[in-house]
Amino acid sequence: MPETLTSPMIKSGSAEEMRSLEAGLDSLQSDDTSRKSFDLSRVLLPLAAFIVLLLAWQFYVSLGLRRRDLVPGPLDVLGSLGALWQAGTAQEAVGTSLQRGLIGFVISIVVATPIGLLLSQVRILRRAFGPLISGLQVLPSVAWVPAAIIWFGLTDATVYFVMFMGAIPSIINGLIAGVDQIPPQYRRVGQVLGASRWEMAVHVVLPAALPGYVGGLKQGWAFSWRSLMAAEIIAMGGSLGFGLGSLLEQGRQLADMGIVMSAILIILFVGIAVELIVFAPVEKRLLRGRGLLAGSTR
Amino acid sequence: MTEALAEKVDADRGAASATAVDGEGRAPVVVLENLGKRFGSGPPVLEDVNATVYQGEFVALLGASGCGKSTLLNLISGLDMPTSGAMEVPVGGAAFMFQDSALFPWRTARGNVELALKLRGVGKAERKARATELLDLVHLGHSSDKRPHELSGGMRQRVALARSLAQDRPLLLMDEPFAALDAITRDLLHNELERIWKETGRTIIFVTHNVREAVRLGQRVLLLSSKPGRVVAQWQVSEEHRTNAGAAGELTAEITARLREEIRRHA
């Protein structure tokens, strides 16, 4: 036997020994997934950041560099928020906008998902329409407001149209990106396991693309919420209801900075609430379930 | 289990004979006759590959990296088509196990095994029972609800093995499944695979570039040359080669020398 060779592999150990060796390796090498209990810093840290910003704001206002009616302090804004709440205007505006946002977003999902799947699976369609969809995503959807007013007048249809032009392309793009990022190995496995085209889509492609898809949905929501606000600011009156954008525009017309700042804060707050209550938990669950959260700062 | 053999390709040659039986009366499961494969107009990756694998046999396919071992497995499994020659493989393709476990990260260990059963058309209730059985077979009953990322590399490969057994095909193709594992885990999985092969009676074609692994596992070792790949030598491995260090060392040395000779031809 040449000396350069390492020793050959031969059978060693009884079945019993191997069994216990295996059990030992299993417990040594697999993750102990003890879940951390709820972390208080998740609430305290954002709260502290918020308070610091408020204090800075108050400090700036108290320097008296600007007229108080142009730059109101936190307490002034709180006052006009309270007034809006008592009059029921705030609730109405949030209700109208949220309802529109939700309906528009759901319809966008229903329209965009099949289109996205089709584009990601059919090469010709992808080549033909891909650049157009990407372009639409870059085009600010506010640009559609004048056209929509001419076509649909001051009706809800105008608002929805603008939202669709914002949300649908970004959801389509998110789904396509998700499908593109599927490791080719997954499709091979599906093929080896004997999946039909439909089974491949349902059991392999869709679940594998889910993180990208959820990312697209999140962006789609952001786009539709922004488009909605823009549409509501520009298009007022007619048969249109009174939304948050309308409240903002009303504040401008009355030159009431308290209302303007209140409206901005409410819009911001709704955005944060949707992110924290809807998207963050879904995303976190999805990523943790696939072992993709280790080492992230979430 | 389907004994039937399908003719997949019958290019420019006559139909391959499927009726030959080996010395122990076993029927051939895979017959390759002058099989060739080239991609586009490039040089052939495989040329004139001739081999027969019999029912219940464990064949180790050995070769240097880049000799077309994986291509050959893809042809046998039907993932790819040969460009010349003829071959006979079981109807319905073969089970396949990859170098990385290729488990779906969104499914638990059990879910991965159950998906293979589902795609085979097994009913829901039976799926559950069968998945439990298979996970117990690879000694992973205790971790069946864990996701792949919570398992070690060796455990993932055992789940992948359970999944390929769930496909319930007579032929199991393995593409360097233990190459990325540490030595202790690999030794262990060699034992596991041997035990499972004996318990299930599968026909296994095991691709590796590791001579010692080939001798440890195969009943027969086929050596594939590089560029183009063809079967240039084969050795029978007896039980003595697995238990007697001297015999094992001799055979390992002999095969290694031949493998090196093949590689040197390309210098």
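Residues numbered from 1 in each chain as written. Chains lettered and ligands numbered in written order. Predicted model: local features only at pLDDT ≥ 70, side-chain atom pairs only at ≥ 80, totals over all residues. Heavy atoms only, no water.

### Some thoughts on the overall build of chain B
Threshold: Labels follow the DSSP assignment, with helices taken as runs of H or I lasting at least four residues and strands as runs of E lasting at least two, numbered in each case from the N terminus. Relative accessible area decides the class of each residue, using a 1.4 Å probe on protein chains only: under 20% of the type maximum gives buried, over 50% gives exposed, and in between gives partly exposed. By definition in these notes, contact holds between two residues if any of their heavy atoms fall within 4.5 Å.
Along the backbone of chain B there are 8 helices and 10 strands. If you line up chain B on its principal axes, its C-alpha atoms span 50 × 45 × 40 Å. Out of the 267 residues belonging to chain B, those deemed buried represent 58%. Excluding contacts between residues fewer than 6 apart, the proportion of contacts in chain B whose partners are at least 24 apart in sequence is 71%.

### Looking at the confidence of the model for chain B
Applied cut-off: How sure the predictor is of each residue is captured by pLDDT, a score from 0 to 100.
Mean pLDDT over chain B works out to 80, with 91% of the residues at or above the 70 mark. Counting contacts from residues 1-19 of chain B, a segment whose pLDDT is below 50, to residues more than four positions away or on other chains yields 42 contacts.

### Some remarks on the interface of chain A and chain B
The line we're drawing: The quantity reported as buried area is the accessible area (1.4 Å probe) lost by two parts once they are put together, taken as the sum for both. Salt bridge criterion: a side-chain nitrogen from Lys or Arg within 4 Å of a carboxyl oxygen from Asp or Glu. We define a polar contact as two N or O atoms separated by no more than 3.5 Å, with the added condition that, inside protein, one atom must be a possible hydrogen donor and the other a possible acceptor, whereas residues neighbouring each other in sequence contribute only through side-chain atom pairs.
On the side of chain B, 58 residues touch chain A, which itself brings 40 residues to the contact. Both faces combined, the contact of chain A with chain B buries some 4200 Å², and carbon together with sulfur accounts for 62% of it. When the area that chain A buries against chain B is broken down by residue, the three leading residues are Met9, Lys11 and Leu193 of chain A, summing to 20%. Where chain A meets chain B, there are 0 salt bridges. The interface formed by chain A and chain B contains 4 residue pairs in polar contact (both at pLDDT 80 or more). Elements with a contribution of two residues or more to the side of chain A that touches chain B: helix 1 (15-29), helix 8 (184-192), helix 9 (197-234) and helix 11 (257-289) of chain A.

### What about the side chain of Thr89 of chain A?
All names here are of chain A. Residue placement: Thr89 occurs in helix 4 (residues 89-121). With a relative accessible area of 18%, Thr89 lands in the buried category. In contact with Thr89, other than residues within four places in its own chain, are Leu84, Phe242 and Leu247.

### Quick notes on the packing of aromatic side chains
Residues and elements named next belong to chain B. Filter applied, for reference: Geometry of aromatic contacts follows a simple scheme: Phe, Tyr and Trp rings, the Trp one being its six-membered ring, pair when their centres are within 6.5 Å, and the pair is stacked under 30 degrees between planes, edge-to-face over 60, tilted otherwise.
Under the defined criterion, the tally for this structure stands at 15 aromatic pairs over all chains. Between the aromatic rings of Phe58 and Trp197, the centroid separation amounts to 5.4 Å while the plane-to-plane angle is 80 degrees, which identifies the pairing as edge-to-face. Of this pair, Phe58 sits in strand 4 (residues 58-62) while Trp197 sits in helix 5 (residues 183-200), and the two are 139 residues apart along the sequence. For Phe58, a relative accessible area of 1% translates into the label buried.

### With respect to the pattern of salt bridges
Residue and element names in this part refer to chain B. In the structure shown here, the tally under the stated rule is 19 salt bridges over all chains. When the shortest N-O distance is used, the salt bridge between Arg220 and Glu57 registers 2.6 Å. With Arg220 in strand 9 (residues 220-224) and Glu57 in the loop between strand 3 (44-54) and strand 4, this residue pair connects regions lying 163 residues apart in the sequence. One salt bridge connects Arg202 with Asp168, and the closest N-O pair in it is separated by 3.7 Å. Residue Arg202 is located in the loop between helix 5 and strand 8 (203-208), and its partner Asp168 is located in the loop between helix 4 (153-166) and strand 7 (171-175); the two are separated by 34 residues in the primary sequence.

### Things to note about the sheet that holds strand 9 of chain B
Residue and element names in this part refer to chain B. Where we set the bar: Between any two strands, pairing holds if DSSP finds at least two bridges. For helices, the axis comes from a line fit to the C-alpha atoms of the stretch in contact; other axes are also lines fit to C-alpha atoms, and the angle between any two N-to-C directions lies between 0 and 180 degrees.
Read across the sheet, 6 strands follow the order 6-7-8-4-9-10 without closing on themselves; strand pairing throughout is mixed. Bordering the open sheet on either side are strand 6 (95-97) and strand 10 (231-236), each of which pairs with just one other strand. Neighbour-to-neighbour, the strand axes of the sheet open up by a mean angle of 20 degrees, direction not taken into account. This element, helix 4, spans strand 6 and strand 7 of the sheet and lies at about 170 degrees to strand 6. Set on the sheet, helix 8 (residues 245-264) makes contact with strand 4, strand 9 and strand 10; between it and strand 10 the angle comes to about 180 degrees.

### Focus: the domain arrangement of chain B
All names here are of chain B. Spelled out, the test is: Residue ranges assigned to each domain were obtained from an automatic or database domain assignment.
When its domains are assigned, chain B resolves into domain 1 (5-94 + 171-264) and domain 2 (102-168). Taken together, the contacts link 14 residues of domain 1 with 12 residues of domain 2. Roughly 1000 Å² is buried in total at the junction of domain 1 and domain 2, and carbon and sulfur atoms are behind 66% of that figure. On the domain 1 side of the interface with domain 2, the three residues burying the most area are Leu172, Ile196 and Arg202, jointly 38% of the side's total. At the junction of domain 1 and domain 2, the tally comes to 1 salt bridge. Taken together, domain 1 and domain 2 are joined by 3 residue pairs in polar contact (both at pLDDT 80 or more). Elements with a minimum of two residues in the side of domain 1 that touches domain 2: strand 7 and helix 5. Looking at which element gives the most residues to the side of domain 1 that touches domain 2, the answer is helix 5, with 8 residues.

### Structural notes on the packing of helix 5 (residues 123-138) of chain A against helix 7 (residues 156-180) of chain A
All names here are of chain A. Threshold: For this classification, under 35 degrees means roughly parallel, over 145 means roughly antiparallel, 65 to 115 means roughly perpendicular, and everything else is oblique. By convention, the crossing between two helices is left-handed when the near helix turns anticlockwise from the far helix through less than a right angle, and right-handed when the turn is clockwise. Note that Gly is not counted as nonpolar here; it falls among the polar residues with everything else outside the nonpolar set of Ala, Val, Leu, Ile, Met, Phe, Trp, Tyr, Cys and Pro and the charged set of Asp, Glu, Lys and Arg.
Where helix 5 meets helix 7, the closest approach of the two axes is 9 Å, and the angle between their N-to-C directions is 130 degrees. Our classification of the angle between helix 5 and helix 7 gives oblique. In this structure, the crossing between helix 5 and helix 7 has a hand that is left-handed. Residues Arg126, Ile133, Ser134, Leu136 and Gln137 of helix 5 form the contact with helix 7, whose participating residues are Met165, Pro169, Ser170, Ile172, Asn173, Ile176 and Asp180. Residue composition of the contact of helix 5 with helix 7, by class: 6 nonpolar, 4 polar and 2 charged.

### A short note on helix 2 (residues 109-119) of chain B
When you tally the buried positions in helix 2 of chain B, you get 10 out of 11 residues, the bulk of the element. Where helix 2 of chain B is concerned, the buried positions are Ala109, Arg110, Gly111, Asn112, Val113, Glu114, Leu115, Ala116, Leu117 and Leu119 of chain B. If you follow the buried residues of helix 2 of chain B, they end up packed against helix 9 of chain A together with helix 3 (124-137) and helix 4 of chain B. Looking one or two places after helix 2 of chain B, you find Gly121 of chain B, whose phi comes out positive at around 90 degrees.

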